[in-house]
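Residues per chain are reported as follows:
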Amino acid sequence: MAGGTRSDPGQHRAQSLVTPLHLQEPAGLQTAWTRDFSDLSFEWRRLFSEALGTFFLVLVGAGATVVNARSRGQVPLDARVVAPGLMVMAVIYFMGTVSGAHLNPAVSIAFALRRNFPWRRVPGYVAAQLAGSLLAAGFLRASFGNIGDLGATLPGARTTAATTVLVEVVLTAGLVSVILGTASGARNIGANAALAVGGYIIAAGLWAAPISGASMNPARSLGPALVGGHWGDWWAYVIGPIAGGVIAVGFAWVLRGPPSQAADEAAQGTA
């Protein structure tokens, strides 16, 4: 009894159930650029993060095909599919709180459409992602030569450009749905989002890689195409992923309604 009223244990339990978990970077590891996304003086660090992350993604995504060609078939298709998914997991873990670890123009555009990310920052992110892809493709060509189509994503045998676009739309809609969904639940999903995103990339590639290459990422496709000169239906890998990302934003509105603060923090890399 306090002040003539009796507390209700059931009410306290109900309140505790609706209190969101807030998982964030430990205070001792926070930096000025992970605390304040609006501070543009640190934008170069975020852009470097996007370029570096995309570099590693393309290095293993395209590099697995290049090394397979150099080693005469020593890297099987399933390994070439799994490698980029595992790399995306690792990149999200080590730099997700710096830039949000978009690594993909379709993701940056989807976050902006979803109002989790400012449109004025999208061009810089996309430029950084393309730069990282070009650097990775240049490294592969300098190291191994222009072999294995330099890991370019190309339609499979007897696969038309229309089919390639359709497959990339569907795959990217799923990928961006996973990204937006785990971002919206960032407070209780936390770093496990990396497992969901990487796992989806692997699952999508296991069934669709022989059809379209399962790119789902314009930056992943354009870097090897530009450096290696392999232009087989390259536009399908721009239109398809971006259209899929836009569709995923529509799915997100249906499933979760308006954007959340947790998703803003995940998209912007703020703690």
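Above this text sits the structure in question.
What counts and what doesn't
Residues numbered from 1 in each chain as written. Predicted model: local features only at pLDDT ≥ 70, side-chain atom pairs only at ≥ 80, totals over all residues. Heavy atoms only, no water. Helix = DSSP H or I, 4+ residues; strand = E, 2+ residues; numbered from the N terminus. Buried < 20%, exposed > 50% of the residue type's maximum accessible area, 1.4 Å probe, protein only. Contact = heavy atoms within 4.5 Å. Areas by Shrake-Rupley, 256 points an atom, 1.4 Å probe, with all protein chains shown as cover. Axes fitted to C-alpha atoms, helices over the stretch in contact; angles between N-to-C directions. Parallel < 35°, antiparallel > 145°, perpendicular 65-115°, else oblique. Left-handed = near helix turned anticlockwise from the far one by under 90°. Phe/Tyr/Trp six-rings, centres within 6.5 Å; stacked < 30°, edge-to-face > 60°.

1. Observations concerning the overall build of the chain
Point 1. Scanning the chain from terminus to terminus reveals 12 helices and zero strands.
Point 2. Taken from the N to the C terminus, the helices and strands of the chain come in the order α-α-α-α-α-α-α-α-α-α-α-α.
Point 3. In the chain, buried positions account for 48% of the 271 residues.
Point 4. In the chain, of all internal contacts separated by at least 6 residues, the share reaching a separation of at least 24 is 81%.
Point 5. Counting only carbon and sulfur atoms, one obtains 66% of the accessible surface of the chain, whose full area is about 12600 Å².

2. Quick word on the packing of helix 4 (residues 77–99) against helix 9 (residues 193–212)
Between two packed helices, both the angle of their axes relative to each other and the distance between the axes serve to describe the pair.
Point 1. Packing of helix 4 against helix 9 leaves a shortest axis separation of 8 Å and a crossing angle of 160°. With respect to helix 9, the axis of helix 4 lies roughly antiparallel. Crossing hand, helix 4 versus helix 9: right-handed. On helix 9, the residues touching Leu77, Asp78, Val81, Val82, Pro84, Gly85, Leu86, Val88, Met89, Ile92 and Tyr93 of helix 4 are Ala194, Leu195, Val197, Gly198, Gly199, Ile201, Ile202, Gly205, Leu206, Ala209 and Pro210.

3. Things to note about the packing of aromatic side chains
Point 1. What the rule picks out here adds up to four aromatic pairs.
Point 2. For the ring pair Phe55 and Phe139, a centre distance of 6.4 Å and an interplane angle of 65° mean the geometry is edge-to-face. Residue Phe55 is found in helix 3 (residues 43–70), and its partner Phe139 is found in helix 6 (residues 122–144); the two are separated by 84 residues along the sequence.
Point 3. Judged by relative accessible area, Phe139 falls into the partly exposed class, the value being 42%.

The quantities given are spatial measurements derived from coordinates; they are silent on function.
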